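# Summary of the model geometry
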Amino acid sequence: MFLKKVYTLVFLRNETQILLGLKKRGFGVNKWNGFGGKVEQNETIIDAAIRELKEECCVVVNKCDLKNIGHLEFTFEGDSLLMDVRVFSASNYQGVPVETEEMAPKWYGYDEVPFDNMWPDDRIWFPYMVKNKLFFGKFHYKGFDTILNYELQELKSMETFYKNKK
Ligand SMILES: Nc1ncnc2c1[nH]c(=O)n2[C@H]1C[C@H](O)[C@@H](COP(=O)(O)OP(=O)(O)OP(=O)(O)O)O1
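Residues numbered from 1 in each chain as written. Predicted model: local features only at pLDDT ≥ 70, side-chain atom pairs only at ≥ 80, totals over all residues. Heavy atoms only, no water.

The condition is simple: UniProt positions are given in the numbering used here, feature names are shortened, and annotations may be inferred rather than shown by experiment.
The name given to the protein in an unreviewed UniProt entry is Oxidized purine nucleoside triphosphate hydrolase, with Vanessa tameamea as the source organism. Recorded in UniProt under Cofactor (unreviewed entry), the annotation for the protein is "Mg(2+)".

Written out as structure tokens, the structure is:
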């Protein structure tokens, strides 16, 4: 039996670049990642995605501009936590990303993504995101550096995926 916690993860992207943030504190510190965090009680997943993006790099995105592009699940050996991460992409937004107490943002070309300083799973599913393919990934970790096993699949539609998900 797992204890599920829902998280958001947002990537701002254009044709040639993706915005990553260097996490300055807490879980995943010193790793480059998208922007996101835990969904709070009485908050929708989309509202959490918008709030976390604003808190972490001061950018505002409208609901209609956030596209759900993937679903990731992380479990850890000897731990009952299941991290349920909803991945979003947006190319329309308001404001210029700025550094906050939590994240230092930086634009990267798709061929210069710093995978060596990211979660190890990122290099496995990023290619799907970059090719605009929808995806579902499940990763089981030992500690935070070693993937013991994983599954990754391309999805036809996120709606169908969530409709059929138990
Ligand atoms: N393995 C992996 N790959 C890619 N992305 C992630 C992981 N593990 C993760 O946790 N993440 C993502 C999911 C979330 O976007 C963040 C983690 O959120 P966190 O910073 O813990 O949540 P907050 O609500 O911001 O936490 P507080 O610092 O406010 O307590 O990383």
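Back to the write-up after that little detour.
### Some words on the pattern of salt bridges
The criterion, for reference: Here, a salt bridge means any Lys or Arg side-chain nitrogen found within 4 Å of an Asp or Glu carboxyl oxygen. Note on conventions: DSSP H or I runs of at least 4 residues are helices, E runs of at least 2 residues are strands, and numbering of each starts at the N terminus. Each residue is assigned to one of three classes by its accessible area relative to the maximum for its type, calculated with a 1.4 Å probe on protein chains only: buried under 20%, partly exposed between the two thresholds, exposed over 50%.
For the structure shown, the criterion picks out 12 salt bridges. Ionic pairing is found between Asp84 and Lys4, a salt bridge with its closest N-O pair at 3.5 Å. Taken together, the residues Asp84 in strand 5 (residues 81-90) and Lys4 in strand 1 (residues 3-12) connect sequence positions 80 residues apart. When the shortest N-O distance is used, the salt bridge between Arg51 and Glu43 registers 2.6 Å. With respect to class, Arg51 is no different from Glu43; both count as buried. One salt-bridge network, in which partners are shared between bridges, spans Glu40, Glu43, Arg51, Glu52 and Glu55.

### Section: the site of the ligand
Note the threshold: A single heavy atom is enough: if one lies within 4 Å of a molecule or strand, its residue is considered near that molecule or strand. As used in this structure description, the phrase polar contact means that two N or O atoms lie within 3.5 Å; if the pair is within protein, one of them must be able to donate a hydrogen and the other to accept it, and residues adjacent in sequence are counted only when both atoms belong to side chains. In this description, accessible areas are obtained by the Shrake-Rupley approach with a 1.4 Å probe, and a residue is regarded as covered only by the protein chains that are shown. Buriedness for pockets is judged along seven lines, at least five of which must meet protein on both sides within 12 Å for an open set on the 1 Å grid over protein atoms alone, while cavities are sets there where a 1.4 Å probe fits but cannot get out, and lining residues have an atom within 4 Å of a point. Grid points define the cavity or pocket, and a molecule sits in it when more than half of its atoms lie within 2 Å of them.
Contacts to the ligand come from 18 residues, most closely from Thr8, Lys23, Lys38, Met83 and Asp121. Asp122 is positioned with one of its side-chain polar atoms (N or O) 3.2 Å from a nitrogen atom of the ligand. Protein coverage of the free-state accessible area of the ligand, which is 640 Å², stands at 83%. Of the pockets mapped on this structure, the ligand occupies the largest pocket.

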